Amino acid sequence: AARILREGDPVQYILDSFRTDHEGDEIVARCLIMSFASRAVINSNGLHVLVTGESGKGKSHAFDTMLQHIPPEFRLAGRLSDKALFYIKDTKPGTAICLDDVSLSEHMQEVLKGVTTSFKTPFRYHTVNKDRSGMTLTIPERCVWWVAKVEGSGDDQVWNRMLTCWIDDSREQDDKVLTRELVAASQLPGTSEGIRDEVRICHHIWSQILPAYVVIPYAEKIRFSSSSNRRNPGMLLDLIKSIAILRQYQRERETISKTTVVYATAQDFKQACQIYQALNG
């Protein structure tokens, strides 16, 4: 893991391991990686991911596959009631919270608006207990949200805050998935037990990504074709920061007032643009 972080491409390594277990959907995978990386960027507003598409086309499998590539203590998935998030006591700051193919209630959509807005601080929810006494519950800071939904449902104000990508539902993708399943069904059981070594290495990669403040020295030279959607520039900048934080051991760094500062390069900008253009056309 240390060699990959200092000499290789950590994003590509995670993608290659993801491909071993999931067919296609590279843009979805890149967005999930950038989202989880954003939690380590001190000056990021956080990147959250919305994946849309028809039921049964692989949204759940893509989420499950990427969740396996992050350390277990930073995963939260499964069916959740509206208020369960506030009562789960061991949720760590920086957890990836996966809401998979559920119809989000109005309450949960309001919670999503709140937590994505207050990304850098805990989100507080004021309620009453069974004795009608006031109490304050919290969702920790820097949690990133991965949401899968059927296209056309929900509040656009929620989705506009997220990296929105689409699961590949093409006939070609259907054929590739079928071929993979048939090949897997014809093979003997593997000799190794537990998780793959590549997945373990991915866990170590994430554990060595340390929090840092990312500076984009060339930010004032970036131009957009339109500035009407004020969230889009912020998303691009946060994509650049997330790529830089993953390559922090290959970037110029210094310590200012006990804070590690990482300087993004033009290469980080180019890779961020590829993702941004794939999402926004």
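Quick caveat: nothing in here was measured; it's all calculated off a predicted structure.

1. A few points about helix α2 (residues 10-21)
An ideal rise of 1.5 Å per residue puts 16 Å on twelve residues; α2 measures up with 18 Å between its terminal C-alpha atoms. The complete set of buried residues in α2 reads Pro10, Val11, Ile14, Leu15, Ser17 and Phe18. Each buried residue of α2 sits inside an arc of 165 degrees when the element is viewed along its axis, so together they form one side. Its side-chain oxygen at 3.1 Å from the backbone nitrogen of valine 11, aspartate 9 defines the N-terminal cap of α2.

2. Digging into the nonpolar core
Formed by 59 residues in total, the largest nonpolar core has its most connected members in Ile33, Met34, Trp146, Trp206, Ile245 and Leu246. Those residues in contact with leucine 246 that sit more than four places away from it in its chain are Leu5, Pro10, Val11, Ile33, Met34, Ala37, Trp206 and Ile209. Counting 14 residues, the second-largest nonpolar core is a separate cluster that includes Leu76, Ile97, Val111 and Phe123.

3. Quick notes on the sheet that holds strand β10 (residues 259-263)
In spatial order, the strands read β8-β10-β9; together these three strands make up an open sheet with mixed pairing. Each edge of the sheet is formed by a strand with only one pairing partner; in this case those strands are β8 (213-215) and β9 (253-256). Across the sheet, the mean angle from the axis of one strand to that of its neighbour is 30 degrees, orientation sign disregarded. Here β9 runs beside β10; their pairing, made up of four bridges, is antiparallel. Counted as the bridge partner of arginine 253 is valine 262 from β10.

4. What to know about the environment of threonine 265
Within the secondary structure layout, threonine 265 lies in the loop between β10 and α11 (266-280). Note: C-alpha distance between threonine 265 and valine 215 (50 residues apart in sequence) is 9.4 Å. Residues in contact with threonine 265, not counting those within four places in the same chain, are Tyr218 and Arg251.

5. Re helix α6 (residues 106-117)
In this model α6 runs 17 Å from its N-terminal to its C-terminal C-alpha over twelve residues, within 8% of the 16 Å that 1.5 Å per residue would give. Where α6 is concerned, the buried positions are Met108, Gln109, Val111, Leu112, Lys113, Gly114, Val115 and Thr116.

6. Considerations on the side chain of arginine 142
Tracing the sequence through the fold places arginine 142 in the loop between β5 (134-139) and β6 (144-149). Buried charge without a salt bridge: arginine 142, with glutamate 141 as the nearest opposite-charge side chain at an N-O distance of 6.7 Å. In terms of polar contacts, arginine 142 uses its side chain to reach the backbone carbonyl oxygen of arginine 39, at 3.4 Å. At a separation of 2.7 Å, a polar atom in the side chain of arginine 142 contacts the main-chain carbonyl oxygen of isoleucine 42. In contact with arginine 142, not counting residues within four places along its chain, are Ser38, Arg39, Val41, Ile42, Ser44, Gly94, Thr95, Phe119 and Lys120.

The rules behind these values
Residues numbered from 1 in each chain as written. Predicted model: local features only at pLDDT ≥ 70, side-chain atom pairs only at ≥ 80, totals over all residues. Heavy atoms only, no water. Helix = DSSP H or I, 4+ residues; strand = E, 2+ residues; numbered from the N terminus. Expected span 1.5 Å × (residues − 1). Buried < 20%, exposed > 50% of the residue type's maximum accessible area, 1.4 Å probe, protein only. Arc of directions from axis to C-beta. Polar contact = N/O pair within 3.5 Å; in protein donor to acceptor, adjacent residues only side chain to side chain. Core = buried A, V, L, I, M, F, W, Y, C linked by side-chain atoms within 4.5 Å. Contact = heavy atoms within 4.5 Å. Pairing = 2+ DSSP bridges. Axes fitted to C-alpha atoms, helices over the stretch in contact; angles between N-to-C directions. Lys, Arg positive; Asp, Glu negative; His and termini not counted. Salt bridge = Lys/Arg side-chain N within 4 Å of Asp/Glu carboxyl O.

Just distances and angles here, no functional claims.
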